[in-house]
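Structure assessment
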Amino acid sequence: MIHTKMLAATAMLALIAGAAQARELTFGMQDNEVSNVFKGAQAFGEKLEELSGGELTVNLFPSGTLGDFKAMVAQLQAGELDMVITGYPDMSYVIPELKLVGAPYVVDDFVHLEEIVDGPWGQEMDAKFGEQGVEMLDLWYYGTRQTTANKPIESIDDMKGLRMRTPNVPFLIAYAENVGATPAPVAFQEVYLALQTNQVDAQENPLPTIDAMKFYEVQDHVAMTNHFVASAAVLMSNGTWESLSEEEQGWVREAIEAGGEVSDEMTVKAEEDLIATFEERGLTITRPDLAPFRQAMQPYYDELEAEFGEGAIAKVRGE
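Throughout what follows, the structure given in this document is the object of discussion. (Residues numbered from 1 in each chain as written. Predicted model: local features only at pLDDT ≥ 70, side-chain atom pairs only at ≥ 80, totals over all residues. Heavy atoms only, no water.)

Looking at the overall build of the protein
- A tally of helices and strands in the protein yields 14 helices and nine strands.
- Projected onto its principal axes, the C-alpha coordinates of the protein cover approximately 90 × 45 × 30 Å.
- Across the 319 residues in the protein, those meeting the buried criterion constitute 49%.
- Contacts spanning at least 24 positions in sequence make up 74% of the contacts within the protein whose residues lie at least 6 apart.
- Here the protein has roughly 14800 Å² of accessible surface; of this, 51% comes from carbon and sulfur atoms.
- Taking the average place of the 20 positive charges on the side chains of the protein and the average place of its 53 negative ones, the gap between the two points comes to 4 Å. (Helix = DSSP H or I, 4+ residues; strand = E, 2+ residues; numbered from the N terminus. Buried < 20%, exposed > 50% of the residue type's maximum accessible area, 1.4 Å probe, protein only. Contact = heavy atoms within 4.5 Å. Areas by Shrake-Rupley, 256 points an atom, 1.4 Å probe, with all protein chains shown as cover. Lys, Arg positive; Asp, Glu negative; His and termini not counted. Charge placed at Lys NZ, Arg CZ, Asp CG, Glu CD.)

Remarks on the side chain of E271
- Following the sequence through the fold, E271 ends up in helix α11 (residues 246-280).
- Notably, E271 is buried but unbridged: the nearest opposite-charge side chain belongs to R145, and the N-O separation is 10 Å.
- Sequence-distant contacts of E271, that is, excluding residues within four places in its chain, are made with Y141, G143, T144, L207 and P208. (Salt bridge = Lys/Arg side-chain N within 4 Å of Asp/Glu carboxyl O.)

Concerning the packing of aromatic side chains
- Evaluation of the coordinates by the stated rule reveals seven aromatic pairs.
- Here Y88 and F129 contribute two aromatic rings whose centre-to-centre distance is 6.0 Å and whose plane-to-plane angle is 25 degrees, an arrangement assigned as stacked. Here F129 lies in helix α6 (residues 120-131) and Y88 lies in the loop between β3 (83-87) and α4 (99-102), a separation of 41 residues in the sequence. No difference in accessibility class separates Y88 from F129, as the two residues are buried.
- Aromatic pair Y216 and F278: ring centres 6.0 Å apart, planes at 40 degrees, arrangement tilted. In this pair, Y216 sits in the loop between α9 (207-212) and β8 (221-237) while F278 sits in helix α11, placing the two residues 62 residues apart along the sequence.
- A cation over an aromatic ring shows up here: K70 above the ring of Y93, its NZ or CZ 4.8 Å from the ring centre.
- Over the face of the ring belonging to Y216 we find R281, whose NZ or CZ atom lies 4.0 Å from the ring centre. (Phe/Tyr/Trp six-rings, centres within 6.5 Å; stacked < 30°, edge-to-face > 60°. Lys NZ or Arg CZ within 6 Å of the ring centre and 35° of its normal.)

Digging into the pairing of strand β5 (residues 163-166)
- Here four bridges tie β5 to strand β6 (residues 182-185), and the two strands are oriented parallel to one another. For R165, the partnering residue across the bridge sits in β6 and is A184.
- Following the backbone out of β5, through helix α7 (residues 170-178) and into the adjacent parallel β6, one traces a crossover that is right-handed.
- Alignment of β5 against strand β7 (residues 202-206), held across two bridges, turns out to be parallel. From the neighbouring strand, R165 faces β7, where its bridge partner is Q203. (Pairing = 2+ DSSP bridges. Right-handed = clockwise from strand over helix to strand, strands pointing away.)

Thoughts on the nonpolar core
- Formed by 57 residues in total, the largest nonpolar core has its most connected members in Y88, W121, F129 and M159.
- Among the elements that line this core, the one with the most residues is β8, at six residues. (Core = buried A, V, L, I, M, F, W, Y, C linked by side-chain atoms within 4.5 Å.)

Brief notes about the environment of V134
- Structurally, V134 is set in strand β4 (residues 134-149).
- Separated by 57 residues in the primary sequence, V134 and Q77 place their C-alpha atoms 6.6 Å from one another.
- Setting aside chain neighbours within four positions, we find V134 in contact with L76, Q77, F129, M236 and N238.

Considerations on the layout of surface pockets
- Reported here for the largest pocket is a volume of approximately 1500 Å³.
- In terms of lining, the largest pocket is formed by 42 residues, of which the most central are D31, Y142, R145, N205 and T209.
- With four residues, α11 is the largest single contributor of residues to the lining of the largest pocket.
- Residues that form the lining of the largest pocket fall into these classes: 22 nonpolar, 13 polar and seven charged.
- Within this model, the second largest pocket holds a volume of roughly 250 Å³.
- V117, D118, L137, D138 and L139 are the residues nearest the centre of the second largest pocket, which is lined by 15 residues in total.
- Of all the secondary structure elements, the ones that give two or more residues to the lining of the second largest pocket are α5 (110-118), α6, β4 and α11.
- In the lining of the second largest pocket, the residues fall into five nonpolar, two polar and eight charged. (1 Å grid on protein atoms, 1.4 Å probe; cavity = no way out; pocket = protein on both sides within 12 Å on 5 of 7 lines; lining within 4 Å. Points joined across faces, edges and corners; volume = space filled by probe spheres on them. Nonpolar A, V, L, I, M, F, W, Y, C, P; charged D, E, K, R; others polar.)

Digging into unusual backbone geometry
- Residues other than glycine seldom take positive phi values, yet S63 does so here, at roughly 60 degrees.
- Within the secondary structure, S63 sits in the loop between β2 (56-61) and α3 (69-77).
- Classification of S63 as partly exposed rests on a relative accessible area of 36%.

A few points about the side chain of D82
- Along the polypeptide, D82 turns up in the loop between α3 and β3.
- Although buried, D82 forms no salt bridge, and the nearest oppositely charged side chain, R23, lies 4.4 Å from it.
- A distance of 2.7 Å separates a polar atom in the side chain of D82 from a polar atom in the side chain of T240.
- Each residue touching D82, except ones within four places of it in the same chain, is listed here: R23, E24, L25, T26, L76, L235, M236, S237 and T240. (Polar contact = N/O pair within 3.5 Å; in protein donor to acceptor, adjacent residues only side chain to side chain.)

Structure follows, in C-alpha cells:
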C-alpha cells in the first residue's frame, strides 16, 4: 500500500512538474477572425503545440482587443505581451528607416521584399528591432495595393484630378500626390459611402480588401497599379525570446514559418481568383504601364534620401 502511495505521489509530482513547464504565449493582432493572417496564426499555434509536445501553446487576441498596433508594440516592449503581428513599414514610427521600404515602387513584389528583408539592409533593420526590445521572427504577405476608380485608368494621365482616398500614411499620400491625384482623408469604415456619394473618385487597397468591403459595388474599374506590397512583421518580446531555450526558439521559428505559409498561400490565391471574379461582376481591369508611375515618385524618393542619405533607395533594393 505504501509502495502504491509512493508511486502515486511520484506520478503526481511529475504531472505538476510537467504542468509547470508548460507555457502559453500571448499573441495580439488587429486582424479579425476571418482574415488570412488570423488563420495563419492559428496554424502557427497548432504547429507549435505539435512540435513542443504541448510545452508551448498560444492564446490569440484578434480584432485589436488589446488595442491598436502601437499599443500592442508598447505592451511587447514592456514584457506584458509575448507576440504581435503588424505592418512591417508601419514600424517606421520607431524605426524611421522603414519608410524607405514603404515608399511606392521601391519593392517589386513580395518575393523581392523577402529578399530585401533577408539581405544586408534587412539585417540592419533586425538589429534596430532588437534595440527597440523586440525580435523580428518572420514576414507575412498582406497583399499588393491596387487602385479602383469611377473611370478606367489606362495610363498615369488618367490619375490627374482624381480625388483619391488614402489612409493617413505618408507614403500612400505621396503615391496619390505624385501620380497626379488629390489625396482625401476618409476613415476606413466610411470609404464605401464616400465612393457611393462621389465624395471621392478613387481609393487604393489590396484586392481582398476591395472584395471584403464591397467597394466593387460602387467602383467599376480596377487598375493594377501594384504601388505598394503590404507585409506584416511577426514580432516577439526580447524578454520572451531570451527566456526560451535554443530548442524552444527552434520550435517557434519552424512553427511561425508554417503559419506564414498558410496565410501567404491563401492571400496569393485570393488575389489570383479575385481578378476573374471582378471581371465576372462586370468590372474593368486595366494594367497601365507602370514605368511613368515609378518615375513620378522620384520627388518623394529625393525627400527620403535627404533624410536617410544619397543612395538609400538603391541600398534597400540591393542595387
